[in-house]
Amino acid sequence: MATCVCIGLISCENAQDTTVTQTYTYFKPSYKDTSYTVEYVAEIQAVQNIEIRSKIDGYLTDIYVDEGQFAKKGQLLFRLADLGYKQELQKAKSSKKIIEAEVRSASIEFENTKSLFQKNILSKTELDIAEAKLQALEAQLEEAEVLIAQAALNLSLTEIKAPFDGYVNRIPNKIGSLIEEGSLLTSLSDNNEIFAYFYVPENDYLDFINEMDANEATKVQFVLSNNEIFSEVGSIETAESQIDRTSGNIAFRARFKNPKGLIKHGASGKIQIRRELKNVMLIPQQSTFEIQGNLFVFVVDEKGITRSIKINPSYRLSNSFVIQDELTLDDKVIAEGVQRIKEGEQVQLKAHKLSNNSN
């Protein structure tokens, strides 16, 4: 029996002798400047993009452009049948000539009546009748001039021209189609400059507004749908007047130059914004661990005993967190391997050099 007890004691001593204190790297928090990138889904609109519609009825007789073609301002795009409108203009001009003749005759009659009235040959009533007839014909003459102007306008509307330089989009009608007033003929896009509309949360909106108020240019980049970065850098111009109550977001508008016409009206992509953070405390993500949705780090006291501290990151960057005041500059924070550590465990430490690439 004594032999067994001795053996048991020797075994316990050997077990204690084999206990090894684990060594972990650590770092001390510090403050530094950094930056990070945020992305927002964007919709693209040409700075100028309009629908070209017919303002009159008529048959489409000529199409002078093709889909996707570049058109210069004033270039003829479509023509509608104009014979009926030419006849209306000629009729209006002929009516004016008839009325002009009647006005001349009424004017002579009025002058004669006025002369006879002054000689007391004709009564005041007869003079008033002659004057009223002249005034009525002069009113008809004014109306005839309006009809001529309207007929001339209608005739001019049979020719549909480009209001600005741009690219012709789809042409839904073919030659011979009956076009009604208001029918869509095509749309025209000037893609030399584009607008990118994107939605940001309210807190980001406040940051942007503060930067714009401080006269700091808010530069942005556009990520194409194939994930390539667009060569031109844009800038935030303005924001909408109200925040969407449902989403809590607000729309911003950025402008980009598009000299090669690569980006088309209706395209989609992402706005990429580089944000600067001044004098913030950064800790690497690998130094944290999560329990029930909360983040913690281990710090080690002067006796080498571990203690967990809950942190509340204000920003999550690509491989680090920006924290507030949960840690001090003197804290020794375990840099990696935190998943193997227990609360209150005694450890050994060695210094760890943080990477400069903290974002």
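Quantities reported herein were computed from a predicted structural model and do not represent experimental measurements.

Below, the discussion takes up the overall build of the protein chain. Across its full length, the protein chain holds four helices and 20 strands. Over its C-alpha atoms the protein chain spans a radius of gyration of 42 Å, topping by over 25% the 21 Å that the globule rule assigns to 359 residues. Principal axes of the C-alpha set define a box for the protein chain whose edges measure 165 × 50 × 35 Å. Counting only residues that meet the buried cut, the protein chain has 35% of its 359 residues in that class. Looking at the protein chain as shown, the accessible area adds up to about 22200 Å², and 48% of this sits on carbon and sulfur atoms. Positive and negative side-chain charges in the protein chain, numbering 40 and 51 respectively, have mean positions lying 4 Å apart.

Here we take up the pattern of salt bridges. Pairing is possible between side chains that carry opposite charge, provided their charged atoms lie close to one another. Summed over all chains, the structure comprises 14 salt bridges. Between Lys96 and Glu100 there is a salt bridge, with the nearest N and O atoms lying 3.9 Å from each other. Separated by four residues within a single helix, Lys96 and Glu100 lie in helix α2 (residues 83–118), roughly one turn from each other. A relative accessible area of 27% means that Glu100 is categorised as partly exposed. One network of salt bridges, in which partners are shared, links Glu193, Glu237, Arg253, Arg255 and Lys257.

Moving on, we come to the packing of α2 against helix α3 (residues 124–156). Packing of α2 against α3 brings their axes to within 8 Å, and their N-to-C directions diverge by 165°. By the angle between their axes, α2 is roughly antiparallel relative to α3. As α2 runs across α3, the sense of the crossing is left-handed. Residues belonging to the contact of α2 with α3 are distributed by class as follows: 19 nonpolar, four polar and 14 charged.

So, on to the pairing of strand β1 (residues 23–27). Note on strand geometry: in a regular strand, side chains alternate between the two faces of the sheet. Burial within β1 is extensive, with four of its five residues counted as buried. Sheet topology note: the β1/strand β20 (residues 348–351) ladder contains four bridges and is parallel. Bridging from a neighbouring strand, Thr23 pairs with Gln348 of β20. One ladder, built from two bridges, connects β1 with strand β19 (residues 333–334); its direction is antiparallel.

Evaluated as defined, the whole model comprises 10 aromatic pairs. Where Phe195 meets Tyr197, the ring centres are 6.2 Å apart and the plane angle is 70°; that geometry is what we call edge-to-face. The class for Tyr197 is partly exposed, based on a relative accessible area of 26%. Plain terms: the ring middles of Phe230 and Phe256 are 6.3 Å apart, the flat faces sit at 65° to each other, and that makes the pair edge-to-face.

The backbone of Asn120 sits at a positive phi, close to 65°, despite the residue not being glycine. Along the chain, Asn120 turns up in the loop between α2 and α3. You can call Asn120 exposed: its relative accessible area is 71%. Even without being glycine, Asn227 reaches a positive phi, approximately 70°. Counting through the fold element by element, Asn227 comes out in the loop between β10 (219–223) and β11 (234–239).

Moving on, we get to α2. An ideal rise of 1.5 Å per residue puts 52 Å on 36 residues; α2 measures up with 53 Å between its terminal C-alpha atoms. Within the span of α2, buried status applies to Tyr85, Leu89, Ala92, Ile99, Val103, Ala106, Phe110 and Thr113. Residues of α2 that are buried in the fold lie against α3. Trailing α2 by a residue or two, Asn120 shows a phi angle of about 65°, which is positive.

Within the largest apolar cluster, 27 residues are counted, with the highest numbers of intra-cluster contacts made by Phe198, Phe222, Phe256, Ile271 and Ile273. Mapped by element, the contributors of at least two residues to this core are β2 (31–53), β9 (184–201), β10, β12 (249–257) and β13 (268–284). Sequence-distant contacts of Phe222, defined by excluding residues within four places in its chain, comprise Ala42, Ile44, Glu228, Ile229, Phe230, Phe256, Ile263, Ser268, Gly269, Lys270 and Ile271. Core analysis: the second largest hydrophobic core is formed by 22 residues, Val65, Ala71, Leu77 and Phe78 among them.

Calculation criteria
Counting starts from 1 at the beginning of each chain's written sequence and moves along it residue by residue. Side-chain atom pairs in this predicted model are given and counted only at pLDDT of 80 or more, local residue features only at pLDDT of at least 70, and totals for whole chains, interfaces and linings cover all residues. Think of the side-chain values as coming from all heavy atoms in the structure, minus any hydrogens and water. Only runs of H or I of at least four residues qualify as helices and only runs of E of at least two qualify as strands under DSSP, and these elements are numbered from the N terminus. C-alpha atoms define the radius of gyration, and 2.2 Å times the number of residues to the power 0.38 defines the globule rule. Using a 1.4 Å probe on the protein chains alone, a residue whose accessible area is under 20% of its type maximum counts as buried, one over 50% counts as exposed, and one in between counts as partly exposed. Note on areas: Shrake-Rupley, 1.4 Å probe, and residue coverage restricted to the protein chains presented here. We treat Lys and Arg as the positive residues and Asp and Glu as the negative residues; His and chain ends play no part in the count. Every charge is mapped to an atom, namely NZ of Lys, CZ of Arg, CG of Asp or CD of Glu. Salt-bridge detection follows one rule: a side-chain nitrogen of Lys or Arg within 4 Å of a carboxyl oxygen of Asp or Glu. Inter-axis angles, ranging from 0 to 180 degrees, are taken between N-to-C directions of lines fitted to C-alpha atoms, where helices are fitted over the stretch in contact. Roughly parallel refers to an angle under 35 degrees, roughly antiparallel to one over 145, roughly perpendicular to one between 65 and 115, and oblique to any angle outside these ranges. Should the near helix be turned anticlockwise from the far one by less than a right angle, the crossing is termed left-handed; should it be turned clockwise, right-handed. Under the grouping applied here, Gly and all other residues not named as nonpolar or charged are polar, the nonpolar ones being Ala, Val, Leu, Ile, Met, Phe, Trp, Tyr, Cys and Pro and the charged ones Asp, Glu, Lys and Arg. DSSP calls a pair of strands paired once it identifies at least 2 bridges connecting them. What counts as a ring pair is set by centres within 6.5 Å for rings of Phe, Tyr and Trp (its six-membered ring), and what kind of pair is set by the plane angle: stacked under 30 degrees, edge-to-face over 60, tilted for all other angles. An expected span of 1.5 Å times one less than the residue number is assigned to each helix. Only heavy atoms matter for contacts: two residues are in contact if any of them lie within 4.5 Å across the pair. Side-chain atoms within 4.5 Å link the members of a nonpolar core, which is a set of buried Ala, Val, Leu, Ile, Met, Phe, Trp, Tyr and Cys residues.

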